[in-house]
Amino acid sequence: MYKRQARDRAAFIELFASPEVHDYLGGPRPRAELERAVPEVPGRRPGLFVTELDGAMIGVITLDRRDAERPGHVRADGGEAELGYLFLPEAWGRGYAAEACAAALDWFAGALPGEPVVLCTRTANDRAVRLAAKLGFTEVERFEEYGAEQWFGVRPSATPSG
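For the structure given in this document, a descriptive report is provided here. All residue numbers here refer to positions counted from 1 along the written sequence of the relevant chain. With pLDDT at 70 or above as the cut-off, local features in this predicted model cover only qualifying residues; side-chain atom pairs require 80 or more to be listed or tallied, and sums for whole chains, interfaces and linings still use all residues. Hydrogens and water are ignored here; the side-chain numbers use all heavy atoms of the structure.

Points about the overall build of the protein
A tally of regular secondary structure across the protein gives 4 helices and 6 strands. Strands are runs of DSSP state E lasting at least 2 residues, helices are runs of H or I lasting at least 4, and numbering of each runs from the N terminus. In the protein, the order of α-helices and β-strands from amino to carboxyl end is α-α-β-β-β-α-β-α-β-β. Every one of the 162 residues in the protein was classed for burial, and the buried ones make up 43%. In short, Shrake-Rupley with a 1.4 Å probe defines the accessible areas, and a residue's cover is counted only from the protein chains shown. Summing over all exposed atoms, the protein offers an accessible surface of approximately 8,700 Å²; the carbon and sulfur share of this is 52%. Accessible area is worked out with a 1.4 Å probe on protein chains only. A residue is then buried under 20% of its type maximum, exposed over 50%, and partly exposed in between.

So this is what it looks like as structure tokens:
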């Protein structure tokens with residue numbers, strides 16, 4: 001994983017415009033809109049990791065605070081760290097998401113030891129639910145959001161491996 005670079009712009013646009021990637025995420029964004037909105041050199045922010053293969057971006061991992069207004073929380077005040085990820089279709093089924101997510105979770109455990117991490121995905125997204133279990137997430141609840149049933153899980157606080 002590395003920080004975003006100018007060469008990643010085309011892959012970012014492809015990630016957000018891809019119908020396959022956004023099948024369970026409410027649909028893709030229009031490519032023309034993304035061409036206007038994505039800067040030449042994408043900005044950097046904590047908790048966003050770019051995943052590369054052979055020098056090319058294949059996906060992104062995010063660790064953001066879950067909005068307290070949304071359903072699904074393990075703390076009364078909300079704001080838990082939430083794992084998210086997007087990978088280009090050509091990277092699917094090869095274990096890259098599992099490896100990259102595990103590395104991001106390990107980084108997070110080192111940066112904020114004792115903090116739980118949550119994950120939310122559509123129940124219909126079998127691959128994402130299986131990956132969540134592989135990463136150590138356990139189901140907390142299911143609820144309706146965005147017009148579909150959501151699977152919400154937590155990964156208990158951990159200490160970094162190694």
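Description of helix α3 (residues 96-111)
Relative to the 22 Å expected for 16 residues at 1.5 Å per residue, α3 spans 22 Å between its end C-alpha atoms, a close match to the ideal helical length. Listed as buried for α3 are Ala 97, Ala 98, Ala 100, Cys 101, Ala 104, Leu 105, Phe 108 and Ala 109. The secondary structure elements touched by the buried residues of α3 are β1 (48-53), β2 (56-65), β3 (81-87), β4 (117-122), α4 (126-134) and β6 (148-155). A helix is expected to span 1.5 Å for every residue after the first. Any pair of residues with heavy atoms lying within 4.5 Å of one another is described as a contacting pair.

Some thoughts on unusual backbone geometry
Positive phi outside glycine occurs at Asp 54, with the angle close to 50 degrees. By the element assignment, Asp 54 lies in the loop between β1 and β2. Backbone geometry at Tyr 146 places phi at a positive 55 degrees, although glycine is not the residue there. For Tyr 146, the position within the fold is in the loop between β5 (138-145) and β6.

Things to note about the sheet that holds β4
In this analysis, strands are considered paired if DSSP registers two or more bridges between them. If you trace the 6 strands from one edge of the open sheet to the other, you get β1-β2-β3-β4-β6-β5, paired in mixed fashion. On the outer flanks of this sheet lie β1 and β5, each paired with one strand and no other. Looking at each pair of strands side by side, their axes are set apart by 25 degrees on average, direction ignored. Note that β1 and β2 share 6 bridges and pair antiparallel. To obtain each axis, a line is fitted to C-alpha atoms, and for helices this fit is confined to the stretch in contact; angles are then taken between N-to-C directions over 0 to 180 degrees.

As for helix α1 (residues 9-17)
Quick reminder: α-helices carry 3.6 residues per turn. Residues three or four places apart thus point the same way. Restricting attention to buried positions, one finds in α1 the residues Arg 9, Ala 11, Phe 12, Ile 13, Leu 15 and Ala 17. Contact partners of the buried residues in α1: α2 (31-37), β1, β2 and β3.

With respect to the packing of aromatic side chains
Working definition: rings of Phe, Tyr and Trp (its six-membered ring) pair if their centres are within 6.5 Å, and the pair is stacked with planes under 30 degrees apart, edge-to-face with planes over 60 apart, and tilted otherwise. Taken as a whole, this structure holds 2 aromatic pairs when the rule is applied. Plain terms: the ring middles of Phe 49 and Trp 107 are 5.1 Å apart, the flat faces sit at 70 degrees to each other, and that makes the pair edge-to-face. Taken together, the residues span a long stretch of sequence, with Phe 49 in strand β1 and Trp 107 in helix α3 at a distance of 58 residues. Centre to centre, the rings of Phe 143 and Phe 152 are 6.1 Å apart; their planes meet at 50 degrees, and the pair counts as tilted. Across this residue pair, the class does not change: Phe 143 and Phe 152 are buried.

Some details on the pattern of salt bridges
Think of a salt bridge as a Lys or Arg side-chain nitrogen and an Asp or Glu carboxyl oxygen that are within 4 Å of each other. Enumeration over the complete set of coordinates arrives at 9 salt bridges. Between Glu 115 and Arg 65 there is a salt bridge; the shortest N-O distance is 3.5 Å. Residue Glu 115 is found in the loop between α3 and β4, and its partner Arg 65 is found in strand β2; the two are separated by 50 residues along the sequence. Note on Glu 115: relative accessible area 23%, which makes it partly exposed. Residues Arg 142 and Glu 139 are paired through a salt bridge, measuring 2.8 Å at the closest nitrogen-oxygen approach. What you see here is one network of salt bridges that share partners, running through Arg 65, Arg 75, Asp 77 and Glu 115.

So, the environment of Glu 82
Inspection of the secondary structure puts Glu 82 in strand β3. C-alpha separation for the pair Glu 82 and Arg 66, spaced 16 residues apart in sequence, amounts to 5.7 Å. If near-sequence neighbours (up to four positions away) are discounted, Glu 82 is found in contact with Thr 62, Leu 63, Asp 64, Arg 66, Arg 70, Val 117, Val 118 and Cys 120.

Just distances and angles here, no functional claims.
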